[in-house]
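Structural characterization, general
Spelled out, the chains give:
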Number of protein chains: 6
Amino acid sequence: MTRRILVLNPNVTEAITATMVEEARRVASADTEIVPATARFGTQYIENRVEAAIAGHAVLDALAEQAPGCDAAVVAAFGDPGVFAAKEMLEIPVIGISEAAFLTAYTLGRRYAVVCLTPRLGVWYRECAEEHGLDGRLVAVRPLDVPPSDITAAKQQTGRRLVEACHEVIDRHGAEVVIMGGGPIAGLARTVAHEIPVPVLDGVSCAVRLAEALVDLAPRPATRGSFARPPAKPSQGLAPALQAWVERSGERR
Amino acid sequence: MTRRILVLNPNVTEAITATMVEEARRVASADTEIVPATARFGTQYIENRVEAAIAGHAVLDALAEQAPGCDAAVVAAFGDPGVFAAKEMLEIPVIGISEAAFLTAYTLGRRYAVVCLTPRLGVWYRECAEEHGLDGRLVAVRPLDVPPSDITAAKQQTGRRLVEACHEVIDRHGAEVVIMGGGPIAGLARTVAHEIPVPVLDGVSCAVRLAEALVDLAPRPATRGSFARPPAKPSQGLAPALQAWVERSGERR
Amino acid sequence: MTRRILVLNPNVTEAITATMVEEARRVASADTEIVPATARFGTQYIENRVEAAIAGHAVLDALAEQAPGCDAAVVAAFGDPGVFAAKEMLEIPVIGISEAAFLTAYTLGRRYAVVCLTPRLGVWYRECAEEHGLDGRLVAVRPLDVPPSDITAAKQQTGRRLVEACHEVIDRHGAEVVIMGGGPIAGLARTVAHEIPVPVLDGVSCAVRLAEALVDLAPRPATRGSFARPPAKPSQGLAPALQAWVERSGERR
Amino acid sequence: MTRRILVLNPNVTEAITATMVEEARRVASADTEIVPATARFGTQYIENRVEAAIAGHAVLDALAEQAPGCDAAVVAAFGDPGVFAAKEMLEIPVIGISEAAFLTAYTLGRRYAVVCLTPRLGVWYRECAEEHGLDGRLVAVRPLDVPPSDITAAKQQTGRRLVEACHEVIDRHGAEVVIMGGGPIAGLARTVAHEIPVPVLDGVSCAVRLAEALVDLAPRPATRGSFARPPAKPSQGLAPALQAWVERSGERR
Amino acid sequence: MTRRILVLNPNVTEAITATMVEEARRVASADTEIVPATARFGTQYIENRVEAAIAGHAVLDALAEQAPGCDAAVVAAFGDPGVFAAKEMLEIPVIGISEAAFLTAYTLGRRYAVVCLTPRLGVWYRECAEEHGLDGRLVAVRPLDVPPSDITAAKQQTGRRLVEACHEVIDRHGAEVVIMGGGPIAGLARTVAHEIPVPVLDGVSCAVRLAEALVDLAPRPATRGSFARPPAKPSQGLAPALQAWVERSGERR
Amino acid sequence: MTRRILVLNPNVTEAITATMVEEARRVASADTEIVPATARFGTQYIENRVEAAIAGHAVLDALAEQAPGCDAAVVAAFGDPGVFAAKEMLEIPVIGISEAAFLTAYTLGRRYAVVCLTPRLGVWYRECAEEHGLDGRLVAVRPLDVPPSDITAAKQQTGRRLVEACHEVIDRHGAEVVIMGGGPIAGLARTVAHEIPVPVLDGVSCAVRLAEALVDLAPRPATRGSFARPPAKPSQGLAPALQAWVERSGERR
């Protein structure tokens, strides 16, 4: 069996997609195929609520077109834009990279922290943890202050400062697990792990591994309740694939 | 002084816009002008996470085009799609109709309940209360089970059953305030209030009145923190007005 | 239509009543009449639980006498002494100045802070937010340490330090809205708003505007549940107006 | 050593004082003297927020006069009116009867319930548990619907129905401890305990025993923080003993 | 690469070990070896706090002896006895079967429920969810009332009633995911999944899959904080392997 | 009447038992006999989850043998290992020393803090407060960093630094009550109380006094629910007394 896992970048920057897909492929099992995808519309790098709201739509737009034929989908921007809607829309498992990191953190300690590139990302990630109901164990969010324009190059330039931020959340806030948040720094956690005295997690890696686990568990898709396929409904102004999804009949295929 | 308040319907159905605007005009002060707007894209009636995620983008798309010249904006679908992004985007006060109803309920009692048309709306409204941090006093959500296709006609057909649902949440759950949730039943709360032994609220009315209060208070827009105007950023595939907002320079005008 | 809004100072100091009423009149709509009232008994300036408990009674005592003929009442000490009892007692809307500020803060951001004059006020305001169920978004309370004897003159003398405290809660705690707490500094928020990079709120202004909104919404008073008029009951040692309220028959007039 | 414990009834009904004092004396240690007191002003039987707010003042008024010479004070109405203010005011331990019952319940199980005489008392007791921060383990409040005028005679007439209510909270809500709430039924828990398959508690008994334990532990009174003696302050309209307390100098004697 | 995953039954019944190992082997990847283990001391089937406390020790006792040479360990009793201690003790990933089911449920919906064999198990599982900080989304625990003596045979006899319990938590409590709790019914979820309209989970399957994911992620063991290897310490009365672990020097090997 | 209270040290160090028993005897009433006991197996001084899990079993092992004939039992290690299991096992009141200190703190203020000897103890005590549902008012845990090997001598050597830590939690975190946590420093709170401006508590003293109160209240043991005597069950590898308890018939004697 080969699993096909879609890794969808909710922002429009192909370079970030490439960075994340490279890390996804490194971590994936031998029998997993990583299928890359990038949002059709939106902004260069999602950092605030406006961009995240646009991305929520862009994620659904992309999944309607590209998820068919895949066994699971990873929403690969750290604040998980649109991820609950995507879980409702698709019958395959969908997981966000922050959600995956949070859940993995729960297995490795009782207090976790997030380090990230900018203060606004810090706010977004915190609100993301709240939305997942996984903020009860989040003891700190520690942002750097990288200018948004430099974010795609951040991995090379900020490694040292991110490591320092990790030590800070461990020493001052008692973090027992640290998450390095943000797609552009995918893989950094792996390369600096030896410098940090607690487990350090990367959302993309966690998401790929959890997606594999979910594919193999093969839970039955919901046919009742708020994650079941909703009834068809007239729509307007949507791209063809998403429109087709919204307007077709309500039965699970 | 005349206040101009934009009442934006996040779904594409003009009939619902009309219902809500009629109620908004009835409740507004004499010196308030209600400016109607309807989403350019999306679905007929938002009821689930997929439609709400699309609407989040549609709200920003519409506000970018239509908010200039207004003094406040009301996001007029009960689950408040995109409302936090809209608050971040605009320098004028923005309020959702559920948010407005929840806040008003807090002033009138210590336990509130929501009655609504369908179970999926019930889930959405509950998650909306959680997102606002106002679910601590929400003691019940009581949905009817109206088929989504009948929702725009629900106001005429379901009044009696909604009143019964109100009595149920009062008697069984100790609700001290009841909110009638959903744009298509805007105004119903007013017409049945005499049959219900606690205050009963309508989101549109509450939102118009709170929007007036906020306009008059004239709080200074944030220039720091996560609700400040973010820096300009390259984008792709957005409608002209929203693209202009995203890409222009970051200073508050 | 003219609305009559009672602004009741729960402590016995007329000078503070005058300060608050001046601000209330400045912010009120043209068709709103502000009716001042001051507690008959109690202390000079409420700062602790003993004084607040006395004030809870004093608020009811004053409202029983002075609320008739008014359309809404504002309980104008920041910790909202007796405000839930007052809501239960009166059929007109009642709002506390802290409650009003907290609710307004919820519409303008997701994390709010309070700055105030003394540490004990800080404790009281925090407990007040908890009692309203609105502390989930309260990220900091930052008191100065003004001697209680100087409090009525604080507005002139402490403006600079309060502004610094505002910057501190924004920079260190991520506050997105700041409330300046305390009746004696009513109006200060307005005069320093331009120096503070997020919205800054004053309880009296917020309360007057919300009271107007509630008057106009005209919710039906509760006739069932814990905010309905309780049955008449024998009493002892109360002032005539309050005794009359407690002992008369239980029907809403 | 003889301990003197003041048992203060916050409402004006001497018959209820007598019922509670009888139970207090039955449970107290041999070397404990129970000193009865009754509020000077207020209502016959506290059941709602208005009466509780008046009682908050009445409690302080009575304690200022009668606590001197006692080693601890019990505030003996189930909703604990004024109890935090009383703790702040006095240097001896003060405990409320609901607080005492809640804390005892925490030692005997992980889920407790309250049965009581009327729905409004049920609301008050729940809010009381919230105020103490002890509602996290409160799984049910189950009121009967006794007319307030019959409350002082309730102990004789409602025993059977209260026992049934106990069984209901055990069977339906998983209560592992049950509290019988309300001064007029003090002692009932003891007489029906053999009919109820989990521990059943009475607030007066719990309070007397905890008060004895606190007297013997002899914690030092706070001289800093929000429970320290506040500075003297001018007052107006208070009874002599309370006025003397408020206006004298701020040092702990 | 072959992963060796220890599946440790914390109670002493080999038949339950066999049931769980059979399910573990069915679900495991081809390159995973399942290593069975059974507690040396304790009771037949853990159902209450006494048995769980004994099992907490028994888990550490067994792991000290049998974990060496394994790549991960699964604590395979639904209440996860000793699982946090085991995470602290071992440098390999350790996961409990309830923890695994809860975390998986978080990825598949926003409200989950547990069905189980007896009321006491229901209490234990709820407390387990609280201990993991994963009870925020737990909407119901629905126990049957199977006599403890029949528990090892429960899988054959209670399937029908468990399916009914699943429908009940879906219909009445809005569960979007259901967990079938308890080692003796391992595998049942798989065989009845087609009868239940939402995803239904089995702790053993979830734990094996998550354990594989954690082995592959290979997080660095903590060397600081509360999950790091503690310093050696004198002990008394422990079995040789556990004694050796406790008394040896504190550095991670 | 003479009450016999068992004071059980869950670790194997007789010197710590002696320290605690000395303090227990000093605080106990004249008619209370303190019965000392020490765990048969475990480690020198419990400081982490592994040792606490072993101690959970050791507590039950010791209680099964030594509780008969006693009227109450105190589990005398600050993290309360096995205390809920012990409450389930015995028909006499059981109380942990941390639980006793937390509950006493609730009566004396609204914000409490814990100072203790090592960071790992700090984590354990915090998790203990969470398990009791009494962490809502815990504002700080402030550990020193004493090497575990010095802990039994800590009382002499660290008094000064613990007093400083008390001042720190009062000044920086607003603690209104401070608990000195840890068996080896039992009694220290009493000797330094005059140097600390808020009440300072010692777990052993609080536990002895609360145990006396519970003995005198004489609540009926549960015969239903999760704290009732469970049915007998086959066991393996337990010490004779504990085995006898587990395997005998399920009726309360």
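Cut-offs and rules
- Residues numbered from 1 in each chain as written.
- Chains lettered and ligands numbered in written order.
- Predicted model: local features only at pLDDT ≥ 70, side-chain atom pairs only at ≥ 80, totals over all residues.
- Heavy atoms only, no water.
- Axes fitted to C-alpha atoms, helices over the stretch in contact; angles between N-to-C directions.
- Helix = DSSP H or I, 4+ residues; strand = E, 2+ residues; numbered from the N terminus.
- Parallel < 35°, antiparallel > 145°, perpendicular 65-115°, else oblique.
- Contact = heavy atoms within 4.5 Å.
- Nonpolar A, V, L, I, M, F, W, Y, C, P; charged D, E, K, R; others polar.
- Buried area = accessible area lost by both parts, 1.4 Å probe.
- Salt bridge = Lys/Arg side-chain N within 4 Å of Asp/Glu carboxyl O.
- Polar contact = N/O pair within 3.5 Å; in protein donor to acceptor, adjacent residues only side chain to side chain.
- Expected span 1.5 Å × (residues − 1).
- Buried < 20%, exposed > 50% of the residue type's maximum accessible area, 1.4 Å probe, protein only.
- Domains from an automatic or database assignment.
- Core = buried A, V, L, I, M, F, W, Y, C linked by side-chain atoms within 4.5 Å.

1. Some thoughts on the packing of helix α4 (residues 97–108) of chain A against helix α8 (residues 203–217) of chain A
All names here are of chain A. Running from N to C, α4 and α8 point in directions that differ by 85 degrees, and their axes come no closer than 7 Å. Considering their axes alone, α4 and α8 lie roughly perpendicular with respect to each other. From α4, Ile97, Ala100, Ala101, Leu103 and Thr104 reach across to α8, where they touch Gly203, Val204, Cys206, Ala207 and Leu210. Split into classes, the residues belonging to the contact of α4 with α8 amount to 8 nonpolar, 2 polar and no charged.

2. Observations concerning the arrangement of the chains
Note that chain A does not reach chain D: the shortest distance linking a C-alpha of one to a C-alpha of the other is 16 Å. A gap remains between chain B and chain F, with no contact made and the closest C-alpha atoms lying 16 Å from each other.

3. Overview of the interface of chain A and chain E
Frequently, the measure chosen for interface size is the accessible area removed from exposure when the parts meet. At the junction of the two partners, chain A supplies 48 residues and chain E supplies 48 residues. Summed over both partners, the interface of chain A with chain E buries about 3700 Å², with 62% contributed by carbon and sulfur atoms. Here A:Arg224 ties to E:Asp171 by a salt bridge, and the two come within 2.7 Å at their closest N and O atoms. Here chain A and chain E share 20 residue pairs in polar contact (both at pLDDT 80 or more) between them. Mapped onto the side of chain A that touches chain E, the elements with two or more residues apiece are α3 (83–89), β5 (94–96), α4, α5 (119–131), α6 (154–173) and α8 of chain A. A breakdown of the residues in the side of chain A that touches chain E according to their chemical character gives 23 nonpolar, 11 polar and 14 charged.

4. Here we look at helix α4 (residues 97–108) of chain C
Residue and element names in this part refer to chain C. In this model α4 runs 17 Å from its N-terminal to its C-terminal C-alpha over 12 residues, within 8% of the 16 Å that 1.5 Å per residue would give. Counting buried residues in α4 gives 12 out of 12 residues, a clear majority hidden from the surface. Of all the positions in α4, only Ile97, Ser98, Glu99, Ala100, Ala101, Phe102, Leu103, Thr104, Ala105, Tyr106, Thr107 and Leu108 are classed as buried.

5. What to know about the domain arrangement of chain A
Residue and element names in this part refer to chain A. Parsing chain A into structural domains produces domain 1 (3–97 + 208–247) and domain 2 (99–202). The gap between the C-alpha centroids of domain 1 and domain 2 is 22 Å. Opposite the 25 residues of domain 1 that make contact, domain 2 presents 31 residues. In total, about 2300 Å² of surface goes out of reach between domain 1 and domain 2, with carbon and sulfur atoms giving 63% of it. For domain 1, the biggest contributors to the area lost against domain 2 are Tyr45, Glu47 and Phe78; these three give 34% of the whole. The tally of links between domain 1 and domain 2 comes to 3 salt bridges. One can count 9 residue pairs in polar contact (both at pLDDT 80 or more) joining domain 1 with domain 2.

6. Examining the side chain of C:Glu23
Assignment of secondary structure puts C:Glu23 in helix α1 (residues 14–27). Ignoring any residue separated from it by four or fewer positions in sequence, one finds C:Glu23 in contact with C:Ala186, C:Gly187, C:Arg190, C:Asp202, C:Val204 and C:Ser205.

7. With respect to the nonpolar core
Core analysis: the largest hydrophobic core is formed by 216 residues, its most contacted members being D:Leu63, D:Tyr112, D:Met180, F:Leu63, F:Tyr112 and F:Met180. In contact with D:Leu63, not counting residues within four places along its chain, are D:Leu6, D:Leu8, D:Pro68, D:Ala73, D:Ala86, D:Met89 and D:Leu90.

8. So, the environment of A:Glu127
Counting through the fold element by element, A:Glu127 comes out in helix α5. What makes A:Glu127 buried here is its relative accessible area of 11%. Sequence separation of A:Glu127 and A:Gly79 is 48 residues, and the distance between their C-alpha atoms is 8.1 Å. With sequence-adjacent residues up to four places away left out, A:Glu127 is seen in contact with A:Arg49, C:Arg110 and C:Arg111.

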